[in-house]
Amino acid sequence: MKIILLGANGRTGREVLTRALDAGDTVTALVRAENSLTDVTDKELNIRVGNVCDPNFLKQALPGHDVVISTLGPRMPTKGACTIYSESATAIVEAMKECGVNRLLVTSTALLFPSDKLFDRILGFIARHNAHNAGLMEESICGSNLDWTIARMGFLNDKSSTAFRLAVGTLPDGGGSISRAAVANFLLTEAKQSSYANKVVGLCQ
Ligand SMILES: NC(=O)c1ccc[n+]([C@@H]2O[C@H](COP(=O)([O-])OP(=O)(O)OC[C@H]3O[C@@H](n4cnc5c(N)ncnc54)[C@H](OP(=O)(O)O)[C@@H]3O)[C@@H](O)[C@H]2O)c1
């Protein structure tokens, strides 16, 4: 596969990146800072520096690729930082339509699954900017004619297990956290197999 990866310098992004390169895929990593990913070298890796919320930057990078994977997300749960979800989604949808690249996989948050549990409601309030903006991102993507898959997760961790459980439209029974390695495994498997096109899936371990 020829993959465009947004969020490649993030913790899940790096899992996707190294696994894709190990599998022999070609990756164009879009990053915002010049000094990102300087520790990763591979002949199948191209790094482009620019603004991932600028459709023109994306339109220059997308042609010739099979799939766009975005693991973008706010580094901090502040109102300003969380707009990365919605602003990148608007640009991604516009650029993909214009460039004729149709397959899109993004990470989102399990905060968007309805829940009556007190803990989830408190968390939802604390992370309200995150949930609000992830919701806007999902609206843009679901309203496009792209071939998309949205993966929603609860807390992420850096354990090494790549196993995951999945449910469509909800978190699997019991919910819980999941490793970034497992999320990367899902994204790359799904990019190849397209088993969950136009579906929102919940992932946990
Ligand atoms: N952390 C959790 O517990 C959790 C829970 C549920 C869902 N998620 C979602 O899962 C995904 C992966 O999470 P993660 O914790 O592995 O991510 P992360 O390490 O926080 O990485 C986020 C990535 O987004 C990029 N980014 C943020 N704001 C940006 C901006 N304005 N312009 C360009 N790039 C920007 C960062 O770029 P830089 O590297 O340049 O900073 C980084 O590459 C995200 O979508 C996240 O929201 C996370």
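Just above sits the structure.
For the structure given in this document, a descriptive report is provided here. What you are looking at is a predicted structure, and each value in this text was computed from that prediction instead of being measured.

**Focus on the pairing of strand S10 (residues 199-204)**
The buried fraction of S10 is high, at five of six residues. Pairing of strand S6 (residues 147-153) with S10, which is carried by five bridges, proceeds in the parallel orientation. Bridging across to S10, Ala151 finds its partner in Val201. The sheet contact formed by strand S8 (residues 165-168) and S10 spans four bridges and is antiparallel. What sits directly across from Val168, in S10, is Val201.

**Details of the site of the ligand**
Within the structure, the ligand sits among 20 residues, and Thr12, Arg32, Leu72, Tyr85 and Thr107 are positioned closest to it. The backbone of Gly10 places a nitrogen or oxygen atom 2.9 Å from an oxygen atom of the ligand. Between Gly73 and the ligand, the recorded distance is 3.2 Å, taken from a backbone N or O atom to an oxygen atom. Burial of the ligand by the protein amounts to 84% of the accessible area it has alone, namely 900 Å². Breaking the shell around the ligand down by element, the ones donating at least two residues are helix H1 (11-22), helix H3 (79-99) and strand S5 (103-109). Across the shell around the ligand, the residue classes break down as seven nonpolar, nine polar and four charged.

**So, the sheet that holds S5**
With mixed pairing, the eight strands of this open sheet are ordered in space as S3-S2-S1-S4-S5-S6-S10-S8. Edge positions in the sheet fall to strand S3 (45-49) and S8, since each of these pairs with one other strand and no more. Taken over all neighbouring pairs, the strand axes of this sheet differ in orientation by 20 degrees on average, direction set aside. Packing against the sheet, H1 makes contact with strand S1 (2-6), strand S2 (26-31), S3 and strand S4 (67-70), and its axis sits at approximately 165 degrees to S1.

**With respect to the nonpolar core**
One broad rule of soluble globular proteins: the nonpolar side chains tend to lie buried together. Leu6, Leu58, Val68, Leu104 and Ile141 are the most contacted members of the largest nonpolar core, which has 30 residues in total. The set of elements that each furnish at least two residues to this core consists of S1, helix H2 (55-61), H3, S5, helix H5 (128-142) and S6. By residue number, the principal contributor to this core is H3, which donates eight residues. Ignoring any residue separated from it by four or fewer positions in sequence, one finds Val68 in contact with Ile4, Leu6, Leu62, Ile92, Met96, Val101, Arg103, Leu104 and Leu105. Leu37, Val40, Leu45 and Val201 belong to the second-largest nonpolar core, a separate cluster that totals 28 residues.

Calculation notes
Residues numbered from 1 in each chain as written. Predicted model: local features only at pLDDT ≥ 70, side-chain atom pairs only at ≥ 80, totals over all residues. Heavy atoms only, no water. Buried < 20%, exposed > 50% of the residue type's maximum accessible area, 1.4 Å probe, protein only. Helix = DSSP H or I, 4+ residues; strand = E, 2+ residues; numbered from the N terminus. Pairing = 2+ DSSP bridges. Near = heavy atom within 4 Å. Polar contact = N/O pair within 3.5 Å; in protein donor to acceptor, adjacent residues only side chain to side chain. Areas by Shrake-Rupley, 256 points an atom, 1.4 Å probe, with all protein chains shown as cover. Nonpolar A, V, L, I, M, F, W, Y, C, P; charged D, E, K, R; others polar. Axes fitted to C-alpha atoms, helices over the stretch in contact; angles between N-to-C directions. Contact = heavy atoms within 4.5 Å. Core = buried A, V, L, I, M, F, W, Y, C linked by side-chain atoms within 4.5 Å.

By themselves, these observations are geometric and do not establish any function.
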